[in-house]
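# Structural description and commentary
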Amino acid sequence: MASAKPKKKNPRLASGRKRARQDVKLNAANTSLRSKYRTAVKNVEKAVAAGDKAKATDLFAKAQSIVDTVADKGIFHKNKAARDKSRLSAKVKALQAAAAA
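Cut-offs applied
- Residues numbered from 1 in each chain as written.
- Predicted model: local features only at pLDDT ≥ 70, side-chain atom pairs only at ≥ 80, totals over all residues.
- Heavy atoms only, no water.
- UniProt positions renumbered as here; feature names shortened; annotations may be inferred.
- Salt bridge = Lys/Arg side-chain N within 4 Å of Asp/Glu carboxyl O.
- Helix = DSSP H or I, 4+ residues; strand = E, 2+ residues; numbered from the N terminus.
- Buried < 20%, exposed > 50% of the residue type's maximum accessible area, 1.4 Å probe, protein only.
- Phe/Tyr/Trp six-rings, centres within 6.5 Å; stacked < 30°, edge-to-face > 60°.
- Lys NZ or Arg CZ within 6 Å of the ring centre and 35° of its normal.

- If you look the protein chain up in an unreviewed UniProt entry, it shows as Small ribosomal subunit protein bS20 from Ramlibacter monticola.
- Recorded under Function (unreviewed entry), the UniProt text for the protein chain is reproduced unchanged: "Binds directly to 16S ribosomal RNA."
- Its UniProt record, at the heading Sequence similarities (unreviewed entry), says of the protein chain: "Belongs to the bacterial ribosomal protein bS20 family."

Below is the structure:
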């Protein structure tokens, strides 16, 4: 059976070989940051689902920083980052309103 991915050719030019080496590092860094972003968002959502107001508020503050960092680096679009922050903020505020009522 043929593999799903076509085999990549080695670049001939030195600049192309260097770019290929750099891409490996950049891909690893971007993957790591993307994972960190998703984990931060997921942790806030878990705290909200559990109804833990203090933990959700604390995790949301940390998540905001991570979301901004990832957006600044261009890994996710700034509008996506803003949308995710807005939705998380609404969930945390709704949790606080429910706890206060």
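After that view of the structure, there is still more to cover.
## Description of the pattern of salt bridges
- A complete count under the given rule lists five salt bridges for this structure.
- Here Lys91 makes a salt bridge to Glu45, at a shortest N to O gap of 3.2 Å. Here Glu45 lies in helix α1 (residues 14–50) and Lys91 lies in helix α3 (residues 78–100), a separation of 46 residues in the sequence.
- The exposure class of Lys91 is partly exposed, given its relative accessible area of 37%.
- Residue class for Glu45 comes out partly exposed when judged on its relative accessible area of 35%.
- Of the charged contacts in the structure, one is a salt bridge between Asp84 and Lys80, with a shortest N-O distance of 3.2 Å.

## Notes on the packing of aromatic side chains
- Counted under the stated rule, the structure contains one aromatic pair.
- Plain terms: the ring middles of Tyr37 and Phe76 are 4.6 Å apart, the flat faces sit at 50 degrees to each other, and that makes the pair tilted. Of the two residues, Tyr37 sits in helix α1 while Phe76 sits in the loop between α2 (53–72) and α3, which places them 39 residues apart along the sequence. Here the two residues Tyr37 and Phe76 agree in accessibility, since each one is buried.
- Positioned above the aromatic ring of Phe76, the side-chain terminus of Lys80 is 4.9 Å from the ring centre.

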